[in-house]
Every structure is written in structure tokens, then in C-alpha cells.
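Okay, here's what each chain looks like letter by letter:
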Amino acid sequence: MMDSKTRAKLRSYANTVEAILQVGKNGMGEALQKQVDDALTARELIKLTVLETAPETPREMAATLAEATGAEVVQVVGRKVTLYRKNPEKTIIDLR
């Protein structure tokens, strides 16, 4: 669990990040989970869009994806979800 200062710093970084994935009517499947996992490994901080046709709300989707990939939910704003997971091999975002 991250503290409020870390979350605020990640939210500020997320302002410049574009959504790289969309969740649609198929919801959370194995393929989506793999894509999110790969994206988190490569970027550490990702943003995705939950479309209105998705079977779950953005908050539910954020919680499910975070649990499945070992990430943390940074924020959910409208239909945009931001997730963070530190890459232990190659740190990209310095949180100091």
C-alpha cells in the first residue's frame, strides 16, 4: 500500500500519460491481464480506458486488474484507470 505523497506524485506523472489499453464488452480476460502485466513491466505506470460496454464499472475493473497483476491503483477518474507496479529489475520512475 502506497502513502498519499507517493500516490500524489504518481498522479502528477499520470497527467501526461495516454491511455494505452481499452476494456470493452469482453471485460477482463486472460489476454487483457497479460497485456496489462506486460505493459506494467515495460512502463511501470499505465493508464487504460474502461468503455461503457464493459461488464464492470471502472472501479471494479481497477481493483480486479490490480489484484491479478500485483499492481496498485493510483487513481480512477471517470472511465480512466491508472495502475502502477514497480519493476524490480529496471526502475523507470524514481519515487524519491
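Use the structure listed above.
What comes next concerns the included structure.

Rules used throughout
Residues numbered from 1 in each chain as written. Predicted model: local features only at pLDDT ≥ 70, side-chain atom pairs only at ≥ 80, totals over all residues. Heavy atoms only, no water. Pairing = 2+ DSSP bridges. Helix = DSSP H or I, 4+ residues; strand = E, 2+ residues; numbered from the N terminus. Buried < 20%, exposed > 50% of the residue type's maximum accessible area, 1.4 Å probe, protein only. Right-handed = clockwise from strand over helix to strand, strands pointing away.

## Quick notes on the pairing of strand S3 (residues 72-77)
- The pairing of S3 with strand S4 (residues 80-84) spans five bridges and is antiparallel. Across the sheet, Gln75 pairs through a bridge with Thr82, a residue of S4.
- A loop of two residues connects S3 with S4, the two strands running antiparallel in sequence, and Gly78 in this loop sits at a positive phi of about 60 degrees.

## Overview of the pairing of strand S2 (residues 45-50)
- In terms of burial, S2 is largely enclosed, as six of its six residues are buried.
- In the sheet, strand S1 (residues 21-23) pairs with S2 via three bridges, with the strands oriented parallel. Each bridged residue has a counterpart across the sheet, and for Leu21 the counterpart in S2 is Leu48.
- Each parallel crossover has a hand, and for S1 linked through helix H2 (residues 30-43) to S2 it is right-handed.
- Direction of pairing for S2 relative to S4: antiparallel, over a ladder of five bridges. What sits directly across from Lys47, in S4, is Thr82.

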